[in-house]
Amino acid sequence: MSAPSASLEDYQKTFLELGLECKALRFGSFELKSGRKSPYFFNLALFNSGKLLANLATAYATAIIQSDLKFDVIFGPAYKGIPLAAIVCVKLAEIGGTKFQDIQYAFNRKKRKDHGEGGIIVGASLEDKRILVIDDVMTAETAIDEAFDIISIAQGRVAGCIIALDRQEVVNESDPERLSATQSVSKRYNVPVLSIVSLTHVVQFMRNKLSPGQKSAIDDYRKVYGV
């Protein structure tokens, strides 16, 4: 399954350039948690300096602004989603104009706290709020299901999700629908799932940077697992 062409905006190019620079995006042979052997690997945790985080926040914020999604609170699932929710909330206030000035953020504790303010939610109340869930990637549906459950218990309503990279690969290759993790979540919960970039964007950006062997490995991987 070859990737279709995809136009890249400046913020997406910057995101991918920095991903290569900090080795968050790498090419080779990598065993994923799922057991699949992937020709590329993406680790958002390597965006770990002030410069990288500032640009990462800009990329997330720009994708959110362009989506015109309506929401009140950014929710970051523990643990990776916590800093993402905070930095993107700040960046939206900086570049998003007046309608983003009052956007709040929240995250969950891994264990319920029974003293002080108590509870499992830290930050803004989710009750009767429209929630945007933010994370790095969407592969294990159990993780996103947990976030939806937490928000539902807190009486919030998920308005959508945003991730950094959509791998565009099937959750289960034997499933006749061949839905990706993002498609599956979007269908199951009837919400949009946004991303800064997709694998299609990555392939387009790297078209003159990859070796013939690397290109072939990605094409072969997409034939088996691509959507």
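Look up a bit, the structure's there.
So, here is what we can say about the structure in this document. Since we're looking at a predicted model, the values are computed, not measured.

### A few points about the pattern of salt bridges
Counted according to the given criterion, the structure contains 11 salt bridges. Linking Glu 173 and Arg 36 is a salt bridge whose minimum nitrogen-to-oxygen distance equals 3.1 Å. Taken together, the residues span a long stretch of sequence, with Glu 173 in the loop between β7 (157-166) and α5 (181-189) and Arg 36 in the loop between β1 (25-31) and β2 (37-42) at a distance of 137 residues. Judged by its relative accessible area of 40%, Glu 173 falls in the partly exposed class. Accessibility expressed as a relative area gives 9% for Arg 36, which makes it buried. Between Lys 99 and Asp 68 there is a salt bridge; the shortest N-O distance is 3.3 Å. Here Lys 99, found in the loop between α3 (81-95) and β4 (104-113), pairs with Asp 68, found in the loop between α2 (50-67) and β3 (73-76); they are 31 residues apart in sequence, far enough to count as distant. On the accessibility criterion, Lys 99 (53% relative accessible area) is exposed. Residue classification places Asp 68 among the partly exposed residues on the basis of a relative accessible area of 43%. It is possible to trace a salt-bridge network through shared partners that takes in Arg 36, Arg 167, Glu 169 and Glu 173.

### Points about the nonpolar core
Nonpolar side chains tend to gather and get buried jointly when the protein is soluble and globular. Counting residues in hydrophobic clusters, the biggest one holds 45 residues, and the most contacted among them are Phe 15, Leu 44, Phe 47, Tyr 60, Phe 71, Ile 74 and Ile 196. By residue number, the principal contributor to this core is α2, which donates 7 residues. Excluding residues that lie within four positions of it along the chain, Tyr 60 makes contacts with Leu 44, Leu 84, Val 88, Ile 134, Asp 135, Asp 136, Ile 162, Ile 163, Ala 164 and Ile 196. Membership of the second largest hydrophobic core comes to 19 residues, among which are Val 73, Ala 106, Leu 126 and Ala 147.

### Description of the state of the cysteines
The full count for this structure, using the stated rule, is 0 disulfides. For the unlinked cysteine Cys 161, the closest cysteine sulfur is that of Cys 89, found at 17 Å. Residue class for Cys 161 comes out buried when judged on its relative accessible area of 1%.

### Here we look at the pairing of strand β6 (residues 130-134)
Within β6, 4 of the 5 residues are buried, which leaves the element mostly enclosed by the surrounding structure. Here β3 runs beside β6; their pairing, made up of 3 bridges, is parallel. Among the inter-strand pairings, Ile 74 is bridged to a residue of β6, identified as Leu 132. Note: β6 against β7, 5 bridges, orientation parallel. The residue of β7 that forms the bridge with Ile 131 is Val 158.

Reading the values: rules and limits
Residues numbered from 1 in each chain as written. Predicted model: local features only at pLDDT ≥ 70, side-chain atom pairs only at ≥ 80, totals over all residues. Heavy atoms only, no water. Salt bridge = Lys/Arg side-chain N within 4 Å of Asp/Glu carboxyl O. Helix = DSSP H or I, 4+ residues; strand = E, 2+ residues; numbered from the N terminus. Buried < 20%, exposed > 50% of the residue type's maximum accessible area, 1.4 Å probe, protein only. Core = buried A, V, L, I, M, F, W, Y, C linked by side-chain atoms within 4.5 Å. Contact = heavy atoms within 4.5 Å. Disulfide = S-S within 2.5 Å. Pairing = 2+ DSSP bridges.

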